[in-house]
Every structure is written in C-alpha cells, then in structure tokens.
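Below, each chain spelled out in residue letters.
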Amino acid sequence: MIEIGKFSELRILRQTSVGLYLGNESGEEVLLPNKYCSETMKIEDKIEVFVYRDSEGRKISTTLTPKILLNEFALLQVTAVSDVGAFLDWGLEKELMVPFREQRQKLEKGRWYIVYLDLDKKTDRLYASNKVEKFLQNDELFLKEGEEVALLVLQKTDLGFSVIINNVHKGLIFENEIFKELNIGDKLSGYVKTIREDNKIDISIHPIGYRNFNDVNSELIYRTLIDNDGFIVITDKSTPEEIYSQFGISKKAFKKSIGALYKDRKITIQPDGIKLI
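The rules behind the values
- Residues numbered from 1 in each chain as written.
- Predicted model: local features only at pLDDT ≥ 70, side-chain atom pairs only at ≥ 80, totals over all residues.
- Heavy atoms only, no water.
- Core = buried A, V, L, I, M, F, W, Y, C linked by side-chain atoms within 4.5 Å.
- Buried < 20%, exposed > 50% of the residue type's maximum accessible area, 1.4 Å probe, protein only.
- Helix = DSSP H or I, 4+ residues; strand = E, 2+ residues; numbered from the N terminus.
- Contact = heavy atoms within 4.5 Å.
- Pairing = 2+ DSSP bridges.
- Axes fitted to C-alpha atoms, helices over the stretch in contact; angles between N-to-C directions.
- Phe/Tyr/Trp six-rings, centres within 6.5 Å; stacked < 30°, edge-to-face > 60°.
- Lys NZ or Arg CZ within 6 Å of the ring centre and 35° of its normal.

Caption draft 1: Just the nonpolar core, in detail. L22, W90, L96 and L126 are the most contacted members of the largest nonpolar core, which has 34 residues in total. Per-element accounting of this core gives the leading share, 5 residues, to strand β4 (residues 46–53). Those residues within four positions of L96 in sequence are excluded, and the remaining contacts are I68, L76, A86, F87, L88, W90, L117, L126, Y127 and A128. Among the nonpolar cores identified, the runner-up in size contains 16 residues, and L141, F161, L188 and I203 belong to it.

Caption draft 2: Structural context of the pairing of strand β13 (residues 169–174). Here 6 bridges tie strand β12 (residues 160–165) to β13, and the two strands are oriented antiparallel to one another. If you follow S162 over to β13, its bridge partner there is L172. In textbook terms, the turn of a hairpin is the stretch between consecutive antiparallel strands, and for β12 and β13 this stretch comprises 3 residues, one of which, N166, has a positive phi near 55°. In the sheet, β13 pairs with strand β15 (residues 201–204) via 2 bridges, with the strands oriented parallel.

Caption draft 3: Highlighting the sheet that holds strand β16 (residues 231–232). Spatial strand order, β16-β18-β17: 3 strands in an open sheet with antiparallel pairing. Both edges of this open sheet fall to β16 and β17 (267–270), since each of them pairs with a single strand only. Relative to strand β18 (residues 273–276), β16 runs antiparallel, the two being bridged by 2 bridges. The residue of β18 that forms the bridge with I232 is I274. In this fold helix α1 (residues 216–227) packs onto β16, β17 and β18, with an angle of close to 80° to the strand it touches most, β18.

Caption draft 4: Up close: the packing of aromatic side chains. A complete count under the given rule lists 7 aromatic pairs for this structure. Plain terms: the ring middles of Y52 and W90 are 6.2 Å apart, the flat faces sit at 85° to each other, and that makes the pair edge-to-face. Linking Y52 in strand β4 with W90 in the loop between β7 (85–89) and β8 (96–99), this pair joins segments that are 38 residues apart in sequence. Here the guanidinium or amino end of R101 rests over the ring plane of Y127, the centre of that ring lying 6.0 Å away. If you follow K156 out to its NZ or CZ, it ends over the ring of F161, 5.4 Å from the centre.

Shown next as structure tokens:
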C-alpha cells in the first residue's frame, strides 16, 4: 500500500493529460499532477514523492517537501482559522488542519505552534494536533545513556528547555548546560545524559565524553569549538575585549583554559585561531 503522510519511491507508469501515474510493486497507483512533473522524468523511472489526500479525498503525490511527516512534530504557523478548526502552512498547497478537538488552546492566526502529524484511522486523512503531550511517552524507553538522539525544542521551563526526543520521548536540557541560544521549534542533535529511575531523561546537547574538564571555562571553550565545526578565530593573542565578547571570561582565565586543553591534546593553537583535534 502507498502510505499517506510519508515519502515513497514509486515507478512512473504512464503519462496522461493531467500528469504522470506512479505505482508500487503491489499495483497501486497515484497521480503526480503536471505542475510537479519535469521533462527529465521518463517512463519506468523511479522517483521519490510525498503522498497525501487532496480536497476530494483522493490519494495524490507531490515532489514538494512538507515541513512535517506522519508521526513527527514540527513548529508550524497558523494561516487561517475557520468554523472547523485552524489551518497551518506545512509547505504544500493544501493546508494542514488542526481540528478544534485537537487544540490545547484556541490557535490564533499568524502564531506558531508545535504540532504532531497524525492519521485519522476512519477517514484516512492527515490532521495536526496541538495536544503534543498525548503523543509522547516515557513509560517504555527506546534509548540508552550516551546515545545520540534527534531533538525538537518544545518549551522553556524553570529548569531549562524541555525537548522532544526522536519524536517519541520527552526530556530536559538543564539551563546551566546550555552554551548557545535555543528557541522553541529548533531541531538539533543531542545525547542522552541520564535516565532517571522515574524514566525522566536528562539531555546534553554536547557529546557526553567531553564534559569532564577541570574547570567550566575549558568546557565552555571546547563546546564552542564543537558548535563551530572545530575552529574558532580567536587565540591567546586576541584582545581581552574580543575574548570577553566571545566567552564572557577574562583573558587570563582564557589563556589558562586553552593551556589545559592544549596539554590534554584536545586542541592545537594556530596563528589564526584554535583548532579542535
């Protein structure tokens, strides 16, 4: 079966006046409208398309890339509100609806919300839900400590930022471990730092093995290097103002910290900057 809400690799079967018909190995077909067809597409070629239902309920495909896939979360903007629900821009011509029953609070036009893309089993239509908590669970964890995971920043809390992990679980990044700006809806990689007895998950946005430096400044510099592809244009020859602007520490503290990193063979100090080993 050609699945709704996902990408599928389908074979081009034939050309018609309205577009190309694509099919899978089981014999099911779906239309790719002319506006998404290109001259390079040939009969028997395999192409990747996203499949959903049009306004008349028919399966249809597109080469456009939606901002959210089935069983995933994303930050989307409300483009309209009607008497049946709110509508979101998800990158396709047909907007994505959030029924009133799936709104945690009344959604407002122009605002952005974290939503989950689900499939109505009765109608086989896609819809979005703003009641994200009901789609997250920590009862059964599919993670282990130290594992790299995909994160979506969910909300700011008193302790830091809560995040959605691998589109399944909920975790927390503590405020004192954040060394760069985070915003609601940001997608990034992270690491499982701790799994608590109550299955609450602590997340680090930096590799776990790099946390145990002798002082917090060395850790800050090391993490900054990681976030900047292993190189920063600043050295022990930089001015105190440049160093403070970058790290918020004095030049003396900076030189001590990079000295420790150099001694531990974590960095090399080059004429134009510091490079991660």
